Amino acid sequence: MAQRVTLRKRQPYNTTSSRRRIVKTPGGKLVYHHLKKLPTQPKCGDCGIGLPGIPALRPRQYATISKRQKTVCRAYGGSRCGDCVKSRILRAFLVEEAKIVKKVIKSQQKAGGRK
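So, how was this worked out
- Residues numbered from 1 in each chain as written.
- Predicted model: local features only at pLDDT ≥ 70, side-chain atom pairs only at ≥ 80, totals over all residues.
- Heavy atoms only, no water.
- Salt bridge = Lys/Arg side-chain N within 4 Å of Asp/Glu carboxyl O.
- Helix = DSSP H or I, 4+ residues; strand = E, 2+ residues; numbered from the N terminus.
- Buried < 20%, exposed > 50% of the residue type's maximum accessible area, 1.4 Å probe, protein only.
- Contact = heavy atoms within 4.5 Å.
- Phe/Tyr/Trp six-rings, centres within 6.5 Å; stacked < 30°, edge-to-face > 60°.
- Lys NZ or Arg CZ within 6 Å of the ring centre and 35° of its normal.
- Polar contact = N/O pair within 3.5 Å; in protein donor to acceptor, adjacent residues only side chain to side chain.

## Remarks on the pattern of salt bridges
Stage number 1. For the structure shown, the criterion picks out three salt bridges.
Stage number 2. Across the salt bridge formed by Lys 99 and Glu 96, the nearest N and O atoms sit 3.6 Å from each other. Of this pair, Lys 99 and Glu 96 both sit in helix α2 (residues 82-114), three residues apart, roughly one helical turn.
Stage number 3. Residue Glu 96 is classed as partly exposed on the basis of its relative accessible area of 42%.
Stage number 4. A single network of salt bridges, built from pairs that share partners, joins Asp 46, Arg 80 and Arg 88.

Here it is as structure tokens:
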């Protein structure tokens, strides 16, 4: 007959925060080891893919690592992926170009109207 295993914590429900694994001790007893939640990788705020170069940790563990490990040396590093940053820069450039073109056309129409 299998050996009984008693819970080590007071919470009896099988929830995500109460995951456990049965482990055999050197003395031959079976005991529960309570497992921690698995970390998820930080995601890009625009497209939602995982950010490469940033470790997947539980939220409290980010306080213990240095800033160098939490970011990437780029604009929006640690918040947006490289492709989204590239598209943001391109969009901003094209918007500025469109403003300049609009201004030039307006000035040409004004000059054409005077003649």
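## Some details on the environment of Thr 40
Stage number 1. Checked against the element boundaries, Thr 40 lands in the loop between β2 (30-34) and α1 (67-70).
Stage number 2. Between the alpha carbons of Thr 40 and Ala 75 there is a distance of 23 Å; along the sequence they are 35 residues apart.
Stage number 3. Not counting residues within four places of it along the chain, the set of residues in contact with Thr 40 comprises Ala 56 and Leu 57.

## A closer look at unusual backbone geometry
Glycine aside, a negative phi is what most residues show, and trans is what most peptide bonds show.
Stage number 1. Although it is not a glycine, Tyr 76 adopts a positive phi angle of roughly 60°.
Stage number 2. Of note, Tyr 76 is situated in the loop between α1 and α2.
Stage number 3. The class of Tyr 76 is partly exposed, set by a relative accessible area of 42%.

## A few points about the environment of Lys 70
Stage number 1. Mapped onto the secondary structure, Lys 70 falls in helix α1.
Stage number 2. The exposure class of Lys 70 is partly exposed, given its relative accessible area of 30%.
Stage number 3. Look past the residues within four positions of Lys 70 in its chain and what remains in contact with it is Ile 54, Tyr 62, Ala 63, Ile 65 and Gly 78.

## Overview of the packing of aromatic side chains
Stage number 1. In the structure shown here, the tally under the stated rule is zero aromatic pairs.
Stage number 2. Its end group placed over the ring of Tyr 32, Arg 20 keeps NZ or CZ at 5.2 Å from the ring centre.
Stage number 3. The ring of Tyr 76 carries Arg 88 above its face, with NZ or CZ at 4.7 Å from the centroid.

## Re the side chain of Arg 80
Stage number 1. Tracing the backbone shows Arg 80 in the loop between α1 and α2.
Stage number 2. For Arg 80, the side chain forms a polar contact with the side chain of Ser 79, separated by 2.8 Å.
Stage number 3. Residues in contact with Arg 80, not counting those within four places in the same chain, are Cys 44, Gly 45, Asp 46, Leu 51, Arg 74, Val 85 and Arg 88.

Function cannot be read off these values alone, since they describe shape.
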